[in-house]
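Fold and contact review
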Amino acid sequence: MATRANSIGSCTDFRMSRRTFTKLTALGTAAALSGIGNVGAYPTKFVDNLIEPASAAPAVPGIDLVKSNCSHCALGCGFLGRVEDGVCTGIEPWVENPINRGAMCSKGTSIAEMLNSETRLKEPMKKVGGKWVKISWNEALDEIANKMKEIKTTYGPDSIMYIGSAKVTNEECYLFRKFAAFNGTNNVDHQARICHSTTVAGMANTWSYGAMTNSWNDMRNSGLIFFCGENAAESHPVSMQHILEAKRRGAKFIVADPRFTKSAALADQYVQFRPGTDIPLILGICHEIIKNDWHNKDFIEKRTYGFEQFKEVVDKYPPEVVEDITWVPADTIRQLAYDWAHPPREGRPACICWAMGATQHTVGTNNIRVFACLSALMGYVGRPGGGCNAFRGHDNVQGATDMCVLSHWLPSYYGLDEGSWKHWIGVWNEHAPITFEEMKAKFAEYNGKLLMHVNGLTVSRWYEGVLDPSVKQPNPVKMVFVWGHSLNSISEMKKMKTALEEVELLVGVDPHATIASSLADRPDGIIILPASTVFEKAGSVSNSARQVQWRNKLVEPLFDSKPDMEIMKELADRLGFGAHFTYDSPEDVLREINRGACVIMMRESPERLKRQQEYCCAFSCEDCQAKSGPVKGEYWGLPWPCWNDEHPGTPLLYRNDIPVSEGGNEFRTRFRGADSTPGNPVSDDGVSMLGAAYGYPEGYDEMNCDGTPGSGWKFELDCDWKDVIAQNKCPSGAGKARFRAWNLPDPVPVHREPIESPRPDLVDKYPTYDDVEDHYRVKCLYKTIQQERKNLVNDYPLILTTGRQVEHMGGGAETRSCHYLVELQPEMYAEINPETAMGLGVKHWDYIWVETLRGRCKVRAYVTERVNDKTVFMPYHWAGWFEGVSYENRWPSGTGELALGDSCNIITVDGYDRSTNMQETKACLCKVYPV
Amino acid sequence: MSHTAYVVFTVFSQMAVGALIAMVIADFLAKKDKAALKFFETGAWVCVPVAVISLIAMLSHEARPFLAMRSMNANLATSWLSRESLVLTVFVVLAVIYTVLWLFEPEYGSLRGIPLIPKIAKPFIPLRKAVGIISLIVGIVFLGVSAKAYMIPGLPSLNQSTTPLFFFITALLAGITAVAAVLSVKYMMKREGEEPLARYLWITVGIAFVMVIVLIVGLLVNTSMLQIAETKYASVAQTETLTSMKTGEYATQYIARWVIGVGLALVCLAAVVLPLKKKDLAKASALTIALFAVVLIGEILGRAVFFGANVPLGEVMPNIEAFYAAIGPIT
Amino acid sequence: MTTYKFLNVIEKCIDCGGCFAICKDQNKVPEGTARMRVVTINEGKPGEKNIPISCMHCTDPPCVAACPTKALSKREDGIVMTDKSKCIGCGYCGWACPFGAPQYPHDLPENLKKLGLEGIMDKCTLCVQPFVPEEVDREPKPRCALFCATKARLGGDIAEILPVYNEAKVRSTISYQEHV
């Protein structure tokens, strides 16, 4: 079988002839081939095509093939950068990376073109007197630092907003959060807020951690894959490789979506439902499962809390009621319930997958909670092929979330309380001197509270911090950093434009000029700095499945760009705390993270990550585990929690049929009512929150390093947990998952109509929340505006929903600067149904106006049956036009994107999730008419 | 190549063949009547310039016309286009020789004044009829080979037996009426050659009339043939062609083709016959010019529809059958 | 004997454009023309399918038979190659091809026009020759297949990929096609 008996060598001298691959691929469903005796480990059977792995190609002098990972979505697909004489001339497939096995979508395959793009920002620029002027780095950094000092003195540290990035390395995310802290504010946030913040809140409040429970590859093991508000064929294309493989093996693939998406086209069943009605749909399914007694009583009793209260709510959502709300026939709901409870492929669980379709609502947190409840009902969590799979967006949004570039947390999900601050100051003090008192002195007070312990402004509503004088901090925001974040993915763009024009200084830091440079119509007060891309520096990145991969540097920073870490250090030097941002290497920063990130136990060391990369060929794509070699037993990316330097990583969260030492895990004893004591966590109604665990049927509480009950596991830096793990215990405790989350506004998820609903009668029956006076420092209206707009459907009869295109990513500044991708998708459009089009006298590709209460967009009409006659769809990746008028002349010359278009987030609704401030971009009302 | 180039190339090359056939007919019609030969001689001006126009049209739309001139004959083994190029070359050479044998004829040739050439040509003049026959045969072969070039599976709408028929009709209709029109102009300017013109016009009218009838039959047969296809994807392509012709992009041109190229042609034919019977050659010749104009426009329109409404298989929705067929036998 | 071929498991194609983009990047195909594209039929309706189209390197290529200047030829290993120095841009191969694979790029940038490539036929060469022809043929390595997101597109030696194709096409006995 092998061409030669290898002792384990690294992949670079590992050659496989084409004949061997023939034998490998030609074998049927035979046993796995890996790890047979001492022979070099081959990848487990690849069902699909493989020609020679790129790394097996003979080395060509002068050409390096450098391992790296894509910078677009949270799959983290591996590729090899082809570097000749310091220039990246293209890419080759990295066939052994177990996540993607060489595969990439159009965005990934365009990496070389984007890296070398001529429209990248090449040097620092400043807008002066209405014109863009080049300035030196020193000039720029001096001016920025001086302005920061001035603002802090005059208005206070909270008058600077730090909008950070999901597209930098983990190390840079960590430093960015630290940077905001050292600048005395919690007004720091990033894309996760508007992407999966509700996922984190929903999952964490049900299971204890807020991340994807299983993994991309793990879906191959599934019996039924259910998409609810997910269009993986466009947002996570390579994940379809695993899903279609599961389908080929007999799994059923169901897509629930308001549109007949590209994913629905490949599904076994497509279920069309009304935007914003995810909760009743799922509760209807739960209703039938409970009614028919199909639920997993053993799991529910042993490892969950709150089922009775959950059932009380579910009883109010029988299929007939749900049909009226959701467009889904009652019989379909019954059939879905049966399928969910009885997945094909005997013995295998079902998994539920989602992305923005579920998260971006006023009830986003509840949506995710109800998905988790659906999974808990059948006990599918913690099993291969089961779980709750949140498909996260940007390449490092998981990492940025883990590093908590967020206004309500410190890195690794520590809160803003004194204990958490002291934990991190302890870690930071090991690098350079800092005390708690010194840190405290940097922060301001407001209304008697030290803002150090108060949630900051969010990316979704930061502009209110500029415009709303009643913002809950000493002064409004006067300066903003748009540091690696697009602005057209944030809603209420009109207000944001005004805010950008009102701040005293706007600083954009990005490889591209982006609309941070051009959206604001102002003659001065903008400085833009060219940041290097992730391919011009080394660092780690965490994908949605909590797998951490190390990106090698492909090329030196291009043009006059600098890595973000360096920019932060330069600013920190000028602000007087440069020592805290001076590191010898990104590896050193990761080691600091390994030390302090205890809540998620992110102890993936740079050495282990690089070793995995070297022995990538040992990893199976079935379960991402290495079957031989020095990495034997490790899981790819050492998914957190990774307890110590021997731990293989935790690929499936909450899986407790295996010991922790092999990747097992329990629900954390995170949920503690007021009457809880160490060793005895109880709910707010006195029920024990200890759950059945591996080897300990009574469960156990979280513990200190010596094994006694307590929360020490989060704070003890020097504990390697080997003793505890040797006893098959999980340091974070063994608790229960919650059907009822007593701390949330809706302890059990209930249906609430979107702010702008097409059904006035349902608005009365299922109203939204009461208005909130202080929602991350700004006022947030719910009931008032929903009531005002109750009959809006008479004037704005169509539902507007937004989403992605496979060719573009995020705000689109990078992808719309790439020739290949622009050829595929050259213009902004809105999908409308042929009936709708006929009624308006509109032909395919005519220009139309899509209008809401916020404004209107001029776009092409894309006439298609993907949407029904009640719905309009718009992709959100577009910018450069504002209500039909191009502002391309406001970009610095030569930096504008190749394709411009109107931004749908000018017109999406001003509704926000009740828990996290996530924007409701998936459901509002609009009207359409020809230009 | 753009469609215009194909239209001009095919119509004019076929017209050239027809013009040569017309001159061969004239040659036989005149027998030894010098006056008639002198009259008919002007018609020899048609063939070569028209052929040259068609060659320019073809070459001007290649990316590399000069290379094309040298290398288009390279694949005679399998390429009908290569073969067409070769046969056309041979035809043009023969047509030039034949034309020289008219225009440089020492007694009545228009170019008999030019030094040297008439003397070289003189001994071959008696062979002119034979040269004519050979050229005519090569010309007809060219019509067939040219048709075959478009009768490939990749072009289902053109892969019909009406294609060579249409090419033949164009040749005779356009070519013969072209020569007739030139002779008519000559008559109207010089008022000489009444008798040969009259005879020639009768032959023209006869052939034209027969060709128009054949054209009507051909057009009708063509539309019904387009409804039958061997494969699913050819059927889709042909249906798209038919739709385009009947109600789509090319409907106007198709109708115009019928109205002008058939309807008006018949009207002109009748209009020529009536004065011709009364020996009113002035009117008959004027109307012959009209007949030619109408026929040429009709043929150009018809060829424009032929190429324009045609939908190649490669443009039909992805051809999955062909894709599986292309895998070929697996060893 | 290696015989290179493409096979598409169209039930798995998600129209992600990866093949389009990597082909352009690897072979430096200019804007406005593509060697590889994905065509969607029945868009937005049940029965929606995506079909990756490029030169299929047919066993009996109609384009090779049709070319008047013998610019097209089929290598021993099955790859159909274009000798751009012989191509006159007549367009006949484009008509002969049942997939419409041959492309005749127009409005090329000046540097490519100067090389005489305007209107000259370009198509997939299994990554053996980029858009601007090189002296030495590269090794066949169809990147569209190697990078295909879902492994729908298979490319390589037919003996290797045909079993993979057959296996991928086989579905378990359960079949659930339903639509709401």
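Keep in mind that this is a model prediction, so the values were computed, not measured.

The subject of this paragraph is the packing of helix α4 (residues 137–154) of chain A against helix α23 (residues 564–575) of chain A. Residues and elements named next belong to chain A. Running from amino to carboxyl end, α4 crosses α23 at an angle of 55°, the nearest separation of the two axes being 9 Å. In terms of orientation, α4 and α23 fall into the oblique class. For α4 against α23, the interelement crossing comes out right-handed. Judged by residue contacts, Trp137, Asn138, Leu141, Asp142, Ile144, Ala145, Met148 and Lys149 of α4 engage Ile567, Glu570, Leu571, Arg574 and Leu575 from α23. Residues belonging to the contact of α4 with α23 are distributed by class as follows: eight nonpolar, one polar and four charged.

So, on to the packing of aromatic side chains. Summed over all chains, the structure comprises 59 aromatic pairs over all chains. The interplanar angle of 65° and the centroid separation of 6.2 Å between the aromatic rings of Phe226(A) and Trp340(A) together place this pair among those described as edge-to-face. Of this pair, Phe226(A) sits in strand β8 (residues 224–228) while Trp340(A) sits in helix α14 (residues 330–341), placing them 114 residues apart in sequence. The class for Phe226(A) is buried, based on a relative accessible area of 2%. Relative to Phe307(B), the ring of Tyr150(B) has its centre 5.2 Å away and its plane inclined at 75°; by these criteria the two rings are edge-to-face. Taken as a pair, Tyr150(B) in helix α7 (residues 128–150) and Phe307(B) in helix α12 (residues 281–308) lie far apart in primary sequence, 157 residues in all. Given the relative accessible area of 1%, Phe307(B) is considered buried. Above the ring of Trp137(A), the side-chain terminus of Lys562(A) is found at 5.2 Å from the ring centroid.

A separate point is the pairing of strand β4 (residues 125–128) of chain A. The two faces of a sheet get side chains in turn, since along a regular strand they alternate between them. Residues and elements named next belong to chain A. Covered by surrounding structure in β4 are Met125 and Lys127 only, the residues Lys126 and Val128 on the alternate face being uncovered. Where β4 and strand β5 (residues 131–134) come together, four bridges link them in antiparallel fashion. Bridged to Val128 within β5 is Lys131. In the sheet, β4 pairs with strand β18 (residues 526–530) via three bridges, with the strands oriented antiparallel. Its bridge partner being in β18, Met125 is matched across the sheet by Ile528.

Attention shifts here to the interface of chain C and chain B. Tallying the contact residues gives 42 residues for chain C and 40 residues for chain B. Linking chain C with chain B are 17 residue pairs in polar contact (both at pLDDT 80 or more), by the criterion used here. Mapped by element, the contributors of at least two residues to the side of chain C that touches chain B are β1 (4–8), β2 (37–41), β3 (49–53), α2 (62–66), α3 (92–96) and α6 (158–169) of chain C. The residue makeup of the side of chain C that touches chain B, split by class, is 27 nonpolar, eight polar and seven charged.

Below, the discussion takes up the pattern of salt bridges. Evaluation of the coordinates by the stated rule reveals 88 salt bridges over all chains. When the shortest N-O distance is used, the salt bridge between Lys147(A) and Glu504(A) registers 2.8 Å. Taken together, the residues Lys147(A) in helix α4 and Glu504(A) in the loop between α21 (493–502) and β17 (505–510) connect sequence positions 357 residues apart. Classification of Glu504(A) as partly exposed rests on a relative accessible area of 29%. Measuring nitrogen to oxygen at the nearest pair gives 2.9 Å for the salt bridge that ties Glu195(B) to Arg199(B). Pair noted here: Glu195(B) and Arg199(B) are both in helix α9 (residues 194–225), with a separation of four residues, about one helical turn. Judged by relative accessible area, which is 45%, Glu195(B) ranks as partly exposed. If you follow the salt bridges from partner to partner, you end up with Arg82(A), Glu84(A), Glu92(A), Lys141(C) and Arg143(C) in one network.

Our focus in this paragraph is the domain arrangement of chain B. Residues and elements named next belong to chain B. Taken domain by domain, chain B comprises domain 1 (1–150) and domain 2 (196–331). Between the C-alpha centres of domain 1 and domain 2 there is a distance of 23 Å. Residue-level contacts link 16 residues of domain 1 with 15 residues of domain 2. Taken together, the two surfaces of domain 1 and domain 2 that pack against each other cover about 1,400 Å², and 79% of this comes from carbon and sulfur. Between the two partners, domain 1 and domain 2, sit zero salt bridges. Counting the contacts that link domain 1 with domain 2 gives three residue pairs in polar contact (both at pLDDT 80 or more). Among the elements of the structure, α1 (3–30) and α2 (34–41) are those that each provide at least two residues to the side of domain 1 that touches domain 2. Counting residues per element, the side of domain 1 that touches domain 2 draws most heavily on α1, at 11 residues. Across the side of domain 1 that touches domain 2, the residue classes tally to 12 nonpolar, three polar and one charged.

The rules we used
- Residues numbered from 1 in each chain as written.
- Chains lettered and ligands numbered in written order.
- Predicted model: local features only at pLDDT ≥ 70, side-chain atom pairs only at ≥ 80, totals over all residues.
- Heavy atoms only, no water.
- Axes fitted to C-alpha atoms, helices over the stretch in contact; angles between N-to-C directions.
- Helix = DSSP H or I, 4+ residues; strand = E, 2+ residues; numbered from the N terminus.
- Parallel < 35°, antiparallel > 145°, perpendicular 65-115°, else oblique.
- Left-handed = near helix turned anticlockwise from the far one by under 90°.
- Contact = heavy atoms within 4.5 Å.
- Nonpolar A, V, L, I, M, F, W, Y, C, P; charged D, E, K, R; others polar.
- Phe/Tyr/Trp six-rings, centres within 6.5 Å; stacked < 30°, edge-to-face > 60°.
- Buried < 20%, exposed > 50% of the residue type's maximum accessible area, 1.4 Å probe, protein only.
- Lys NZ or Arg CZ within 6 Å of the ring centre and 35° of its normal.
- Pairing = 2+ DSSP bridges.
- Polar contact = N/O pair within 3.5 Å; in protein donor to acceptor, adjacent residues only side chain to side chain.
- Salt bridge = Lys/Arg side-chain N within 4 Å of Asp/Glu carboxyl O.
- Domains from an automatic or database assignment.
- Buried area = accessible area lost by both parts, 1.4 Å probe.

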